[in-house]
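Working through the structure, step by step
So you can see what is in the structure, the chains are spelled out below.
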Amino acid sequence: DKGPDAPPPPPAAKKAAGSFADEAAAQKAGGRTGGVYIPPFKLAAMQKEMAKMDKASKEFQRLKWEQLRKQVNGLINKMNVGNLKLLVPDLFEINLVRGRGLLARAIMKAQLASPGFTHIYAALVAVLNTKLPENGELIVKRVIVGFRRAYKRRDKTLATAFAKFIGHLCNHQIAHELLALQLLTVLLDEPTDDSVEIAVSFTKEVGQLLEQLSPKGLHAIFERFRGILHEGTIDKRVQYTIEGLFAVRKSGFTDFPSVPEELDLVDRNDQITFEFGLDDQLDKQEMLDVFKVDPEYETNERMWKSIRAEILGESDDGSSSGSESDDEGSDGSDESEDEDEDGAGAASWGGPSGVTGGIEKGVTDQIEDLTEQDLINLRRTIYLTIMSSAGFEECAHKLAKLDIPEGHEMELCNMLIECCSQERTYLRYYGLLGQRFCLMDRRWCVTFDKAFEDQYAMIHRLETNKLRNVAKFFAHLLQTDGLPWTCLEYIHLNEEETTSSSRIFIKILAQELSEFLGIAKIKQRFLDPYMAQIFQGLFPKDNPRNTRFAINYWTSIGLGSLTDDLRQHLKDAPKRLREQQMELARQQAAMGGARSDSDSDSSSSSSSSSSSSSSSSSGSGSGS
């Protein structure tokens with residue numbers, strides 16, 4: 001029937017692979033949503049055939065790729081506020097290194113289909129970004145490129161959705177807040193009805209964040225909105241939306257929180273922020289969405305398993321060791337219970353020969369609390385008072401009524417500094433509170449002085465944001481004379497005794513002082529001869545090398561006028577060295593002259609003694 005020119009039938013070894021590839025092709029032809037339905041028995045047979053296939057073959061990897069795509073799409077489509085925490089571990093079970101293109105595409109597609117769920121997808125990206133920053137970076141790049149393309153095409157729907165996604169990425173600090181300000185600037189540069197509407201909705205999303213991190217930038221944006229209202233070139237409906245935005249700002253964006261409490265899953269210190277701009281050349285890496293044969297498939301899969309185990313905290317010995325420890329703990333508790341029962345029995349019996357084990361009537365043991373529960377309660381009370389007070393005067397009044405015992409003043413200072421450092425930006429509330437305590441009693445000045453010494457000694461342990469807040473806190477105490485300037489004696493500005501962190505701390509401290517007091521007044525303070533001994537660490541004159549280092553440092557931070565005295569000292573150094581050498585030579589010459597005079601006196605005395613002895617000997621000879 002087939003004729004003499006028909007090709008020979010394929011070998012039997014390739015039959016299974018060929019049928020399997022046909023099934024995969026048919027499945028792929030079923031559509032972008034995942035292909036045609038496969039009955040469970042047929043799926044089980046296909047999985048058996050897959051297990052027999054070579055893992056390096058194209059057919060096997062393509063089927064794995066399709067399986068990966070389905071799993072990613074299925075999990076992303078099931079995400080909501082309630083099950084986000086439960087589905088994240090399931091998502092990490094998938095190879096997100098190989099499928100990061102599929103993941104980015106699925107998240108963006110789901111966000112565009114349901115913009116109301118944008119905050120959920122942004123929270124998911126925030127969790128992924130802490131463990132796999134490449135995935136977060138790819139999503140940020142694609143969202144920025146997508147917004148640029150939609151804005152150029154004047155596609156309002158897509159531009160609004162992408163702008164909302166960018167806003168929530170900024171709220172989770174995956175993208176930098178400068179991106180939000182840049183986007184608003186672009187939208188309001190040449191205002192149209194659509195661009196102003198997008199800008200209004202975007203400002204509502206990121207307003208609370210910008211109010212905390214960049215209040216001046218947010219103020220400039222609202223001034224631009226006010227200017228657009230005064231121009232009156234846009235539609236009345238859009239003007240009403242701008243007026244509504246001002247009402248939202250007046251309420252403090254309470255109806256539009258930057259990160260909802262139930263989606264605040266990541267510590268801000270663990271988040272990785274990408275500083276991309278709208279004008280940057282960004283690579284979308286679209287080839288990651290396309291299947292390609294991986295020649296090192298098995299090696300990469302093993303690497304992903306190790307990464308997954310590290311992310312999820314999996315270990316083979318964890319369960320066994322945990323069970324062993326539980327068993328040991330239960331055994332130990334049983335033994336302790338037996339010992340307690342034995343001890344109770346011995347106490348009731350009275351011991352052998354009526355001995356009661358040293359416990360006599362009328363003798364009470366003094367119990368000493370080694371758990372420091374009182375100290376923990378004091379710290380908790382101080383923290384809750386600081387965080388719940390409406391103003392610094394109310395807080396100072398409440399803390400003063402606590403009657404903190406002597407010796408525990410450092411607990412309040414440390415808690416105040418710690419709360420200040422944890423804020424995203426420095427709040428003047430903490431500086432005013434510290435100032436009030438310093439002016440209240442002398443002991444608080446001494447305590448804050450000791451706290452300054454401790455903080456400066458451990459400043460290398462703080463992150464940049466915490467370091468900035470602590471420096472501004474102490475600058476406030478110094479500029480208001482709440483803390484005596486003698487605390488600056490702990491700073492020694494030279495290359496050996498400073499680190500990069502301590503130099504940043506000194507820079508922020510000095511710049512805050514100069515901004516508040518003025519360069520003339522701060523220079524007068526530092527040149528006070530009565531305090532010269534205190535400030536010799538900040539302006540060293542002991543070594544020309546340290547002097548040059550200090551001059552370069554103060555000049556680099558914009559306070560070079562403080563180094564006039566150091567420059568003059570360095571300029572006069574050769575002259576002083578010559579004078580010291582001449583004085584030393586003069587002293588040596590004087591010492592040499594005195595030595596020669598003493599030698600001449602000794603020689604004259606010896607000659608006189610020899611002449612007297614010779615005369616006496618001649619007198620005795622004549623007598624004889």
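Residues numbered from 1 in each chain as written. Predicted model: local features only at pLDDT ≥ 70, side-chain atom pairs only at ≥ 80, totals over all residues. Heavy atoms only, no water.

The helix and strand tally for the protein chain stands at 25 helices and zero strands. Expressed as a percentage of its 624 residues, the buried residues of the protein chain come to 38%. When contacts within the protein chain are restricted to residue pairs at least 6 apart in sequence, those whose partners lie at least 24 apart make up 76%. Summed over its atoms, the accessible surface of the protein chain is roughly 36300 Å², and 52% of this surface lies on carbon and sulfur atoms. (Helix = DSSP H or I, 4+ residues; strand = E, 2+ residues; numbered from the N terminus. Buried < 20%, exposed > 50% of the residue type's maximum accessible area, 1.4 Å probe, protein only. Contact = heavy atoms within 4.5 Å. Areas by Shrake-Rupley, 256 points an atom, 1.4 Å probe, with all protein chains shown as cover.)

All right, on to the nonpolar core then. In terms of nonpolar packing, the biggest core is built from 84 residues, with Ile-107, Phe-147, Phe-165 and Phe-225 touching the most fellow members. Every residue in contact with Phe-147, bar those within four places of it in the chain, is listed here: Ala-159, Phe-162, Ala-163, Ile-166, Leu-183, Leu-187 and Leu-278. (Core = buried A, V, L, I, M, F, W, Y, C linked by side-chain atoms within 4.5 Å.)

The next thing to look at is the packing of aromatic side chains. Counting across every chain of the model gives 18 aromatic pairs. Linked through ring pairs, Phe-448, Phe-452, Tyr-456, Phe-473, Phe-474 and Phe-505 together constitute an aromatic cluster. Lying over the aromatic face of Tyr-151, Arg-154 brings its terminal NZ or CZ to 5.1 Å of the ring centre. (Phe/Tyr/Trp six-rings, centres within 6.5 Å; stacked < 30°, edge-to-face > 60°. Lys NZ or Arg CZ within 6 Å of the ring centre and 35° of its normal.)

Time to look at the packing of helix H15 (residues 373-388) against helix H16 (residues 392-400). Packing of H15 against H16 brings their axes to within 9 Å, and their N-to-C directions diverge by 160°. In terms of their interaxial angle, H15 and H16 are classed as roughly antiparallel. Handedness of the crossing formed by H15 with H16: right-handed. Taking contact as the criterion, the partners of Ile-382, Thr-385 and Ile-386 in H15 are, on H16, Cys-395, Lys-398 and Leu-399. (Axes fitted to C-alpha atoms, helices over the stretch in contact; angles between N-to-C directions. Parallel < 35°, antiparallel > 145°, perpendicular 65-115°, else oblique. Left-handed = near helix turned anticlockwise from the far one by under 90°.)

On to unusual backbone geometry, then. With a phi close to 60°, Gln-173 is a non-glycine residue in the positive phi region. Note on placement: Gln-173 falls in the loop between helix H8 (156-171) and helix H9 (177-189). We note that Asp-403 has phi near 55°; this positive angle belongs to a residue other than glycine. On the secondary structure map, Asp-403 appears in the loop between H16 and helix H17 (409-422). By relative accessible area, which is 62% here, Asp-403 ends up exposed.

A grouping of Tyr-383, Leu-384 and Met-387 is seen on the molecular surface, where their side chains present a nonpolar patch of about 290 Å² in accessible area. Assignment of secondary structure puts Tyr-383 in helix H15. The partly exposed category is assigned to Tyr-383, whose relative accessible area is 38%. (Patch = residues over 30% accessible without salt bridge, like charges linked within 9 Å, V, L, I, M, F, W, Y side chains within 5 Å. Salt bridge = Lys/Arg side-chain N within 4 Å of Asp/Glu carboxyl O.)

Attention now goes to the packing of helix H21 (residues 500-517) against helix H23 (residues 544-556). Between H21 and H23, whose axes approach to 11 Å, the crossing angle comes to 55°. Judged by the inter-axis angle, H21 sits oblique to H23. Classified by chirality, the crossing of H23 by H21 is right-handed. Between H21 and H23, the residues in contact are Arg-503, Ile-506, Lys-507 and Ala-510 and Phe-549, Tyr-553 and Trp-554, respectively. Residues that form the contact of H21 with H23 fall into these classes: five nonpolar, no polar and two charged. (Nonpolar A, V, L, I, M, F, W, Y, C, P; charged D, E, K, R; others polar.)

Time to look at helix H12 (residues 236-250). Relative to the 21 Å expected for 15 residues at 1.5 Å per residue, H12 spans 21 Å between its end C-alpha atoms, a close match to the ideal helical length. For H12, every residue scored as buried is listed here: Val-238, Gln-239, Ile-242, Leu-245, Phe-246 and Val-248. End-on view of H12: buried residues confined to an arc of 165°, all on one side of the axis. Away from its buried face by more than 90 degrees, H12 exposes Lys-236, Tyr-240 and Lys-250. In this structure, the buried residues of H12 make contact with helix H10 (193-213) and helix H11 (215-231). Capping of H12 at its N-terminal end is provided by Asp-235; its side-chain oxygen lies 3.3 Å from the backbone amide nitrogen of Arg-237. Just downstream of H12 lies Gly-252, where phi reads positive at about 80°. (Expected span 1.5 Å × (residues − 1). Arc of directions from axis to C-beta. Polar contact = N/O pair within 3.5 Å; in protein donor to acceptor, adjacent residues only side chain to side chain.)

Let's shift gears to the side chain of Thr-118. Mapped onto the secondary structure, Thr-118 falls in helix H6 (residues 118-131). A distance of 3.1 Å separates the side chain of Thr-118 from the side chain of Gln-111, its partner in a polar contact. A distance of 2.5 Å separates a polar side-chain atom of Thr-118 from the backbone oxygen of Pro-115. Apart from the residues within four sequence positions on either side, Thr-118 is in contact with Gln-111, Lys-164, Phe-165 and His-168.

Here the focus is the pattern of salt bridges. Per the counting criterion, the structure on display carries 23 salt bridges. A salt bridge links Arg-237 to Glu-197, with the shortest nitrogen-to-oxygen separation between them at 2.9 Å. Note that Arg-237 is positioned in helix H12 and Glu-197 in helix H10, a separation of 40 residues in sequence. The structure contains a network of salt bridges with shared partners spanning Lys-156, Asp-194, Glu-197 and Arg-237.

Further remarks concern helix H20 (residues 464-479). Between the first and last C-alpha of H20 there are 22 Å, a value that for 16 residues agrees with the 22 Å anticipated at 1.5 Å per step. Elements that come into contact with the buried residues of H20 comprise H17, helix H18 (428-440), helix H19 (442-457) and H21. Immediately downstream of H20, the backbone of Asp-481 shows phi near 60°, a positive value.

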